[in-house]
Amino acid sequence: MRVPTAVLISGRGSNLKALLEASASAGYPAEIVLVVSNIESAAGLTYARTAGITTHVIPHTSFSRREDFDAALDAALQKANIELICLAGFMRILSEGFVEKWQGRLLNIHPSLLPSFKGTRVHERAIESGVRISGCTVHFVTAQMDSGPPIAQAAVPVHCDETAESLAYRVLAAEHRLYPAALKLVAEGRARLVSGAAVFQEYRSSGDMLINPAEISSNR
Ligand code: GRF
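These figures come from a predicted structure and were not determined experimentally.

Student: Would you mind going over the site of the ligand with me for this structure?
Tutor: As a structural note, the neighbourhood of the ligand is formed by Arg-12, Gly-13, Ser-14, Asn-15, Gly-89, Ile-109, His-110, Pro-111 and Glu-175. Contact distances for the ligand include 2.5 Å between an oxygen atom and a side-chain N or O atom of Ser-14. Taking Asn-15, its main chain carries an N or O atom lying 2.9 Å from an oxygen atom of the ligand. Coverage of the ligand by the protein amounts to 83% of the 370 Å² it exposes when considered alone. For the shell around the ligand, the elements supplying multiple residues, two or more each, are α1 (14-23) and β5 (106-110).

Here is the structure:
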């Protein structure tokens, strides 16, 4: 049986689209069965509706306490028998209790090579810092924001005449390949969170320590 997976979004949903496409492909080990948004007008909900996937909107403005929003979210996930959650541009900080409950089953994507450039204004800060390589990271979510152990990373060179927009565009293209590859690793049980660290099975990292998504999918 494929692993029932939810994707949580707040906006554009281009990573959701990439995950839906992967989920629709033969032999993919995770099945996206639920998309939840805290924003009713999130453009990404259209991708889910077009694909015939159940959507659920839980407006955070209806809750005065973060824990109450998280409890409603948790109830929706339980009701759909969700086993894995992918945060994909979900602009809410989740409470410690929620993160604890779902630990090892909660993934996020961030548009930098973590632990560099946590938080916001990622591409601006990468360019300002002068790094020659940026990229993106899919990681297990832990209590500290953007700090959980990486599952997979993809590298994107920073060009000399780079702008935040041009870098964001190329990093996003890498995100769309990386997230399905990382979810596959977790859904197959080949990447697990053990005592706060990511542990990999049947897995060979490439020589330069940067994980190439194409290699992940062919590395069986
Ligand atoms: C992505 O850049 C992701 O890394 C970050 O938020 C953005 C979401 O984009 N966490 P989209 O909604 O998936 O298009």
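More follows now that the structure is in view.
Student: What is the right way to read the pairing of strand β3 (residues 54-57) from this model?
Tutor: The two faces of a sheet get side chains in turn, since along a regular strand they alternate between them. Of the pairings in the sheet, the one linking strand β2 (residues 30-37) to β3 comprises four bridges and is parallel in character. Residue pairing for β3: Val-35 is matched across the bridge by Thr-55. Handedness of the crossover joining β2 and β3 through helix α2 (residues 45-50) is recorded here as right-handed.

Student: Honestly, the sheet that holds strand β7 (residues 150-157) in this entry has me stumped. Any pointers?
Tutor: Strand pairs in the sheet, formed through backbone hydrogen bonds, run parallel or antiparallel to each other. With mixed pairing, seven strands are arranged side by side in an open sheet as β3-β2-β1-β4-β5-β6-β7. A strand with exactly one partner marks an edge of an open sheet, and here the two such strands are β3 and β7. Across this sheet, the average inter-strand angle for adjacent strands is 20°, counted without regard to direction. Sheet topology places strand β1 (residues 3-9) next to strand β4 (residues 84-87); four bridges connect them, and they run parallel.

The rules behind the values
- Residues numbered from 1 in each chain as written.
- Predicted model: local features only at pLDDT ≥ 70, side-chain atom pairs only at ≥ 80, totals over all residues.
- Heavy atoms only, no water.
- Near = heavy atom within 4 Å.
- Polar contact = N/O pair within 3.5 Å; in protein donor to acceptor, adjacent residues only side chain to side chain.
- Areas by Shrake-Rupley, 256 points an atom, 1.4 Å probe, with all protein chains shown as cover.
- Helix = DSSP H or I, 4+ residues; strand = E, 2+ residues; numbered from the N terminus.
- Pairing = 2+ DSSP bridges.
- Right-handed = clockwise from strand over helix to strand, strands pointing away.
- Axes fitted to C-alpha atoms, helices over the stretch in contact; angles between N-to-C directions.

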